[in-house]
Amino acid sequence: GVEYVQEGPTSTNAADQLRIFESFVNQGFDVIAISPLDEETLKPAISRAIEQGIIVLTSDADAPGSDRQFFVAQALDQDLGYTLLDEAVDRIGESGKIAIVSDSPTIQSMQNWIAAIEERAETTYPEIEIVSVDHTDGTAQRAYQFATDAMTRNPDLKAILGMASTTCPGIAQAVEAAGLNDEVLTAGYCSPNTARDAIKSGAMDFSVLWNPADLGYLTVWVGDYLADGGQITGDFEVEGLEQTIQYLPENDVILLGPPAVFTEENVDDFDF
């Protein structure tokens, strides 16, 4: 019973995303869910949409300073940051240099993951040194260059972490091209299908993510439920999802579940 329309900018362009959002408002959709590229750009438009009676959700990435009603979260930002660093440290040891390659600095979720990684390193692994944090233009080519530069500047680099599916292939290719698969760990937040070849070749050690199909399903379910007059006041079950969905009222977060870790042993069990 849901009419579902999906559209997005062809690159990480906040102005283009804003135009798409405003187009959906003008078309009179009952619910708009968005993965924000830049919170500040979207805040006035989100407020206007809600004033017109439209339900506005964020999903995958949040705009916590806006008037959005709920954030349908794939996993807690802190858990994602901690998991990526913990898994890396399990493999490289509790000391050494790590570089981070991210996408656009305006994507708040990725900034939150980086902050969690930095906090985890400071409090739990004081001998882990994060030597650089670079931001790409959303291309694997730029990630390749940043990863290569990080290895050149730090011959003793132990790991490179990619914050997006756009960066994971680039950092894996850079390490493989340098012939350092056995010396420099690469890992990041990317889908099994994106990471599979690199994981199997040894160019990437693991990936941390969630099931985006389940996240999309939950986002549409929540939008439909709210549009029908439903209210979310506590944890709940969703037909089609195995886990109980948590509601965190302090910041209106609807939580899909904990992060998943994809390795050579289980990557073929997933197709997304």
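The coordinates are above.
Quick look at the structure, then. No experiment lies behind these values; they were computed from the predicted model shown. (Residues numbered from 1 in each chain as written. Predicted model: local features only at pLDDT ≥ 70, side-chain atom pairs only at ≥ 80, totals over all residues. Heavy atoms only, no water.)

## Focus on unusual backbone geometry
Then, in step 1: Positive phi is not limited to glycine here, since Asp-60 has a value of about 80°.
Then, in step 2: Its relative accessible area of 28% is what places Asp-60 among the partly exposed residues.
Then, in step 3: If you check the backbone angles, Asp-252 has positive phi at about 55° while not being a glycine.
Then, in step 4: Among the secondary structure elements, Asp-252 is positioned in the loop between strand 9 (246–248) and strand 10 (253–255). (Buried < 20%, exposed > 50% of the residue type's maximum accessible area, 1.4 Å probe, protein only. Helix = DSSP H or I, 4+ residues; strand = E, 2+ residues; numbered from the N terminus.)

## Some remarks on the sheet that holds strand 9
Strand pairing in a sheet takes place through backbone hydrogen bonds and is either antiparallel or parallel in direction.
Then, in step 1: If you trace the five strands from one edge of the open sheet to the other, you get 1-2-3-10-9, paired in mixed fashion. Strands at the two margins of the open sheet, each flanked by one partner only, are strand 1 (31–34) and strand 9. Here the strands of the sheet are splayed against their neighbours by 25° on average, with no regard to which way each runs.
Then, in step 2: Alignment of strand 3 (residues 70–73) against strand 10, held across three bridges, turns out to be parallel. Paired with Ala-73 across the two strands is Leu-255, which belongs to strand 10.
Then, in step 3: On the sheet, helix 8 (residues 212–227) packs against strand 1, strand 2 (55–59), strand 3 and strand 10 and is oriented at approximately 165° with respect to strand 2. (Pairing = 2+ DSSP bridges. Axes fitted to C-alpha atoms, helices over the stretch in contact; angles between N-to-C directions. Contact = heavy atoms within 4.5 Å.)

## Remarks on the packing of helix 3 (residues 77–92) against helix 4 (residues 108–124)
Then, in step 1: Relative orientation of the contacting elements helix 3 and helix 4 amounts to 55°, with a least axis distance of 8 Å. By the angle class used here, helix 3 and helix 4 are oblique. Relative to helix 4, the crossing made by helix 3 is right-handed. Of the residues in helix 4, those touching helix 3 at Asp-77, Gln-78, Leu-80, Gly-81, Tyr-82, Leu-84, Leu-85 and Asp-86 are Ser-109, Asn-112, Trp-113, Ala-116, Ile-117, Glu-119, Arg-120 and Ala-121. (Parallel < 35°, antiparallel > 145°, perpendicular 65-115°, else oblique. Left-handed = near helix turned anticlockwise from the far one by under 90°.)

## A few points about the pattern of salt bridges
Then, in step 1: Evaluation of the coordinates by the stated rule reveals nine salt bridges.
Then, in step 2: Across the pair Lys-97 and Asp-156 runs a salt bridge, and its minimum N-O distance is 3.4 Å. Remark: Asp-156 occurs in the loop between helix 5 (140–153) and strand 6 (157–162) and Lys-97 occurs in strand 4 (residues 95–102); sequence separation between them is 59 residues.
Then, in step 3: Accessibility expressed as a relative area gives 23% for Lys-97, which makes it partly exposed.
Then, in step 4: For Arg-196, the salt bridge goes to Asp-268, with nearest N and O atoms at 3.0 Å. Here Arg-196, found in helix 7 (residues 192–201), pairs with Asp-268, found in the segment after strand 11 (260–262); they are 72 residues apart in sequence, far enough to count as distant.
Then, in step 5: Of the residues examined, Asp-268 reaches a relative accessible area of 47% and is grouped as partly exposed.
Then, in step 6: Here the salt bridges do not stand alone but share partners, grouping Arg-196, Lys-200 and Asp-268 into one network. (Salt bridge = Lys/Arg side-chain N within 4 Å of Asp/Glu carboxyl O.)

## What about the sheet that holds strand 11?
Then, in step 1: Read from one edge to the other, the open sheet built from six strands follows the order 5-4-6-7-8-11, with strand pairing classed as mixed. Each having just a single partner strand, strand 5 (127–135) and strand 11 make up the two edges of the open sheet. Neighbour to neighbour, the strand axes of the sheet diverge by 20° on average, direction disregarded.
Then, in step 2: Relative to strand 5, strand 4 is paired through eight bridges, and the arrangement is parallel. Residue pairing for strand 5: Ser-102 is matched across the bridge by His-135.
Then, in step 3: Running over the sheet, helix 5 touches strand 4, strand 5 and strand 6 and is turned about 140° from strand 5.

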